Amino acid sequence: MTRTAFFISDGTGITAETLGRSLLAQFENIEIRMVTKPYIDTTDKAKALAEVIEATAVRDGEQPIIIDTIVDETVRRIISAAPGFKVDIFSTFLAPLEEELKTHSTYSVGRTHSIGRDDIYMNRIDSVHFALDNDDGARTHQYDKADVILVGVSRCGKTPTSLYLALQFGIRAANYPFTEDDLDEDGNLKLPQALAAQRHKLFGLTIDARRLAAIRSERRPNSRYCSMDQCMREIQQAEALFRRMHIPFIDTTRFSIEEISTRMIAEAGLQRRFSPR
């Protein structure tokens, strides 16, 4: 069975889409065609979208699912008149909160994802810049300013995790890829001096060798870099180092970036500078 779900907002649509995807993910036996419609903030846009929703209902033979965070009452009425199963996030949750808090909501469009406080916004930008500047061991002299330093073999998920930590939580994350230059005379992986000095900030990422080989094959096909032997050897050396040096680590193979990041925050006791948006 295939159904269409519309995530509609008069702002960015991030809240509607995030909550909507989380709810619909619980129904594994149904294929959901997901459509995000942000900035539906005029009656003309609402009427045009209502026509799309109606056409979708005719095409699918089933009413679409409509999950919205629309604040404007006029726009909301137009969307509500379209054929669909409605999940109005704001009216569902704000009314009980208003009753409990004994005050009315401001019902501000885009409040969650606007720039808002300048200090939080600038912290987000600074953290992203830090992650980019300190990607792949580019500037080890800045590690004293890092909140966490992700370490592991090349292509195990360090860069996207660093950026996610910066963007979502304001955490200044650097990352360092282990290479053959970090092996000692016996072929064992050792911590370079820049990392040894910040050992308390290290957090390791590892990955299944087959998954790593597949990822590397997309970057450098038919090379030693992506061979199973090379991938297995690097992973074994990295994990041995993590255990020897008591560096906490996570296997990224079956976890999303969101899961990796939140597990890392919990295990390492990292301080969030702000909540995810």
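Structure: see above.
The text that follows walks through the structure, step by step, so that each part is easy to find. (Residues numbered from 1 in each chain as written. Predicted model: local features only at pLDDT ≥ 70, side-chain atom pairs only at ≥ 80, totals over all residues. Heavy atoms only, no water.)

A short note on the packing of helix α6 (residues 158-169) against helix α10 (residues 257-268)
Our working definition: Axes here refer to lines fitted to C-alpha atoms; in helices the fit is confined to the stretch in contact. Angles between the N-to-C directions go from 0 to 180 degrees. To qualify as a helix, a DSSP run of H or I must reach at least 4 residues; to qualify as a strand, a run of E must reach at least 2; elements of each kind are numbered from the N terminus. What sets the label is the angle itself: under 35 degrees gives roughly parallel, over 145 gives roughly antiparallel, 65 to 115 gives roughly perpendicular, and the rest give oblique. By definition, residues are in contact when any of their heavy atoms lie within 4.5 Å. Residue type decides the class: Asp, Glu, Lys and Arg count as charged, Ala, Val, Leu, Ile, Met, Phe, Trp, Tyr, Cys and Pro as nonpolar, and the leftover types, Gly among them, as polar.
It is at 10 Å that the axes of α6 and α10 come closest, and there the two elements cross at 70°. Our classification of the angle between α6 and α10 gives roughly perpendicular. The residues of α10 that touch α6, namely those facing P160, T161, Y164, L165 and F169, are I257, E258, I260, S261, T262, M264 and I265. The residue inventory of the contact of α6 with α10, partitioned by class, reads eight nonpolar, three polar and one charged.

Quick notes on the sheet that holds strand β3 (residues 65-68)
The criterion, for reference: Two strands qualify as a pair provided that DSSP identifies no fewer than 2 bridges between them.
On the basis of which strands lie adjacent, the open sheet formed by four strands has the order β2-β1-β3-β4 and parallel pairing. The open sheet has two edge strands with one neighbour each: β2 (31-37) and β4 (85-88). Sheet twist, expressed as the mean angle between neighbouring strand axes with direction ignored, is 20°. Bridge count between β3 and β4: four bridges; the pairing is parallel. Pairing of I66 across the sheet is with K86, part of β4. Seen against the sheet, helix α2 (residues 43-60) touches β1 (2-8), β2 and β3 and runs at an angle of roughly 170° to β1.

A short note on the nonpolar core
Threshold: Residues belong to a common nonpolar core when they are buried Ala, Val, Leu, Ile, Met, Phe, Trp, Tyr or Cys residues joined through side-chain atoms within 4.5 Å. Here's how the labels work: a residue is buried when its accessible area is under 20% of the maximum for its type, exposed when over 50%, partly exposed in between, all with a 1.4 Å probe on protein chains only.
Core analysis: the biggest nonpolar cluster contains 38 residues, and V148, I149, V151, L165, F178, L195 and M264 have the highest contact counts within it. Going through the elements one at a time, β5 (148-153), α6, β6 (173-178), β7 (202-206), α8 (209-219), α9 (228-244) and α10 are the ones with two or more residues in this core. Sequence-distant contacts of L195, that is, excluding residues within four places in its chain, are made with Y143, I149, V151, Y176, F178 and L202. By size, the runner-up hydrophobic cluster in this structure holds 13 residues, among which are F6, L49, I53 and I66.

Points about the side chain of R3
Stated formally: Residues scored as charged are limited to Lys and Arg (positive) and Asp and Glu (negative), so that His and the chain ends carry no count. Salt-bridge detection follows one rule: a side-chain nitrogen of Lys or Arg within 4 Å of a carboxyl oxygen of Asp or Glu. Pairing of N or O atoms within 3.5 Å defines a polar contact, subject to two protein rules: one partner must be a possible hydrogen donor and the other a possible acceptor, and residues neighboring in sequence count only if both atoms are side-chain atoms.
Inspection of the secondary structure assignment puts R3 in strand β1. Buried and without a salt bridge, R3 has E62 as its closest oppositely charged side chain, separated by 4.1 Å. Among the polar contacts listed, one links the side chain of R3 to the backbone oxygen of Q63, at a separation of 2.9 Å. Those residues within four positions of R3 in sequence are excluded, and the remaining contacts are I30, E31, I32, R33, E62, Q63 and I65.

As for helix α1 (residues 14-24)
Heads up, the rule is: What the arc covers is the set of directions going from the helix axis to the C-beta atoms.
Those residues of α1 that sit buried are A16, G20 and L24. All buried residues of α1 fall inside an arc of 45° around its axis, so they share one side. Buried positions along α1 lie against β1, β2, β3 and α4 (89-101).

Some points on the pattern of salt bridges
Pairing is possible between side chains of opposite charge, provided their charged atoms come close. Following the criterion strictly, the structure yields twelve salt bridges and no others. We note a salt bridge from R59 to D60, for which the minimum N-O separation is 2.9 Å. The exposure class assigned to R59 is exposed, which follows from its relative accessible area of 53%. Judged by relative accessible area, D60 falls into the partly exposed class, the value being 21%. One salt bridge in this structure joins E234 and R216, with 2.7 Å as the shortest N-O distance. Here E234 is found in helix α9, whereas its partner R216 is found in helix α8, with 18 residues between them in sequence. Judged by relative accessible area, which is 15%, E234 ranks as buried. One connected set of salt bridges, linked through shared partners, spans R33, R59 and D60.

Focus on the layout of surface pockets
As a reminder, the rule being used: Cavities and pockets are defined on a 1 Å grid built over the protein atoms alone: a cavity is a set of grid points where a 1.4 Å probe fits but cannot escape, while a pocket is an open set with protein on both sides within 12 Å along at least five of seven lines, and lining residues are those with an atom within 4 Å of any such point. Grid points are joined across faces, edges and corners, and a volume is the space filled by probe spheres set on the points.
There is about 750 Å³ of room inside the largest pocket. What lines the largest pocket is a set of 34 residues, among which V153, S154, R155, C156 and K158 lie closest to the centre. Among the elements that line the lining of the largest pocket, the one with the most residues is α9, at five residues. A class-by-class count of the residues in the lining of the largest pocket yields 14 nonpolar, ten polar and ten charged.

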